[in-house]
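Structural overview
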Amino acid sequence: MAGIDYISKIPNNVDLTSNRRLQRALEDWQPKFLEWWQDMGPDGFQARETYLRTATSVDAQGWAQFGYVKMPDYRWGIFLADPEPDRRIAFGDYKGQPAWQDIPGEHRGALRRLIVTQGDTEPASVEQQRHLGRTCPSLYDLRNLFQVNVEEGRHLWAMVYLLQAYFGRDGREEAEQLLQRRSGDRDKPRILGAFNERTPDWLAYFMFTFFTDRDGKYQLASLAESGFDPLSRTCRFMLTEEAHHMFVGETGVGRVVQRACEIMREHKTDDVRKHGGIDLPMLQRYLNFHYSVSLDLFGSEVSTNAANFYTAGLKGRFEETKKDDDHQLKSATYPVIALNGDAFAKRDEPALPSLNERLRDDYVVDCDRGVQRWNQVIKRHGIDVELTLPHRAFHRAIGAFAGLRVSPDGRVVSQADWEARRAEWLPTPEDEAYVASLMKPVVEPGKFAGWIAPPARGINGQPVDFEYVRLG
Ligand code: BYC
Ligand code: FE
Ligand code: FE
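Residues numbered from 1 in each chain as written. Chains lettered and ligands numbered in written order. Predicted model: local features only at pLDDT ≥ 70, side-chain atom pairs only at ≥ 80, totals over all residues.

On to the overall build of the protein chain, then. Helix and strand counts for the protein chain come out as 11 helices and five strands. Along the three orthogonal principal directions, the C-alpha set of the protein chain runs to about 65 × 65 × 40 Å. With 472 residues in all, the protein chain has 44% of them scored as buried. Across the protein chain, contacts joining residues at least 24 apart in sequence account for 69% of those joining residues at least 6 apart. (Helix = DSSP H or I, 4+ residues; strand = E, 2+ residues; numbered from the N terminus. Buried ≥ 20, exposed ≤ 12 C-beta atoms within 10 Å, placed from the backbone. Contact = placed C-beta atoms within 7 Å.)

Structural data, given as structure tokens:
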């Protein structure tokens, strides 16, 4: 691959030096990004050396290099995956035509909206997580948090590059606004619901990286199919980084589950809290919350936006090119779950407007695989409890189920029932207060907070007791 230019102020593999106007626009944005990072990035650890990976190539093998970096010195850059020779648009009305190297005029607005929505989630998540460093359960976890944070920062760069390079003045304005909205702000909130929720503690953080970063995987994979080639190439490389974020979530929750099981076995009790652990019923409530707000991120079940994005060649399906159909879907149908009387049933809908639901279906299957791996941990301890994904209509705020009162096992319930049982189904203020009481920093190398098991291995072949962040 064309190597990455690390000499320029902005590391990149897009030959920035040959486009002076763009280079100046991005160099003008860079200090504003750094200012945002100082204000809204990880609170309290900016001067500490952290063992981070930095992208040094876009090869699938050996694309990253590990070393100690202070976060503000992280080399955020613009890295696109290698172009595919003679790449063609794989779906929609332009199927078979060469992929676009520039924005098709008539789809400019829609593309801009997709890129801005994607870009907005990246800094939002950094804002949501900024306070977590102060209560880290270990140096290992602290390092992983910061790794995720700097990479979400880089994902913002990835989208800002597209805005600045292809959308002229509008793009520059959008790039500014991406640094001005704030997660949870009343007047200038982030765009999508889940990114305005709080991430109050590390259990919420692990659930977020499992469920919400996984929405990222599915959205990025659909955008990686885009006929707009620079977007496709950007998303392909982002997906390489994304895998680690979901690893943090899956192993993080898995280690909390493991610790709960160890306590239950060791003390022959279900009262895990008495011994400083996180009990499985509470874990299930956190799971219910994060899963349901992440399901909302896929949009409405029936969406003309989704149909238009697809027909215009802007956003494909998950693994579009592996599917064996006409890739236009004009007369195809897709089974969508809807409320029929007081029961949920599948109904065939036109396939094009059902594309959000179809992507959500792919996501649900993937989430369930992770939950089953957690259940294996419980089973190995001989404990008869199973974690489950709640029904997809549970606690939804977007789409056909918004506003319905549905139990996790998929029954429509009355408002009174909902209120009576809410505390069994969603995290309560008491749950959060209890988890908050566990959030005491543990920063001695190799030591872990009592509510979470150590990981099976360290990062990049380093031992678990490696000094992942130098606090001394
Ligand atoms: N909250 O037809 P509809 C990630 C809006 S995560 C608030 O149902 P559409 C990451 C929608 O915008 C991946 N509003 O939906 C993870 C529209 O508004 P307008 C992020 C919502 O347009 C962790 C209206 O409702 N990437 O990378 O088909 C850490 C009706 O829309 C929500 C993307 O999302 C919501 N949940 O699809 C860091 C990819 N849902 O126009 C990073 C780009 C919908 O009426 N975005 N609305 O004002 C998209 O593809 C689409 O915009 C969506 C929505 C799938 C999000
Ligand atoms: Fe991201
Ligand atoms: Fe991520």
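Let's pick the thread back up.
To continue, consider the packing of helix H5 (residues 202–223) against helix H7 (residues 280–296). Closest axis-to-axis distance for the H5/H7 pair is 9 Å, and the angle between their directions is 30 degrees. With respect to their mutual orientation, H5 and H7 come out roughly parallel. The interaxial crossing formed by H5 with H7 has right-handed handedness. Packed against H5, whose contacting residues are Leu203, Ala204, Met207, Phe208, Phe211, Thr212 and Asp215, the element H7 presents Tyr286, Leu287, His290, Tyr291 and Ser294 at the interface. Here the contact of H5 with H7 is built from residues that sort into eight nonpolar, three polar and one charged. (Axes fitted to C-alpha atoms, helices over the stretch in contact; angles between N-to-C directions. Parallel < 35°, antiparallel > 145°, perpendicular 65-115°, else oblique. Left-handed = near helix turned anticlockwise from the far one by under 90°. Nonpolar A, V, L, I, M, F, W, Y, C, P; charged D, E, K, R; others polar.)

Turning our attention to the site of ligand 1. Near ligand 1, the surroundings consist of 25 residues, among which Gly216, Gly299, Ser300, Ser303 and Asn305 are the closest. Taken together, the elements giving at least two residues each to the shell around ligand 1 come down to helix H2 (108–128), H5 and helix H8 (304–311). Tallied by class, residues from the shell around ligand 1 come to six nonpolar, 13 polar and six charged. (Near = placed C-beta within 6 Å.)

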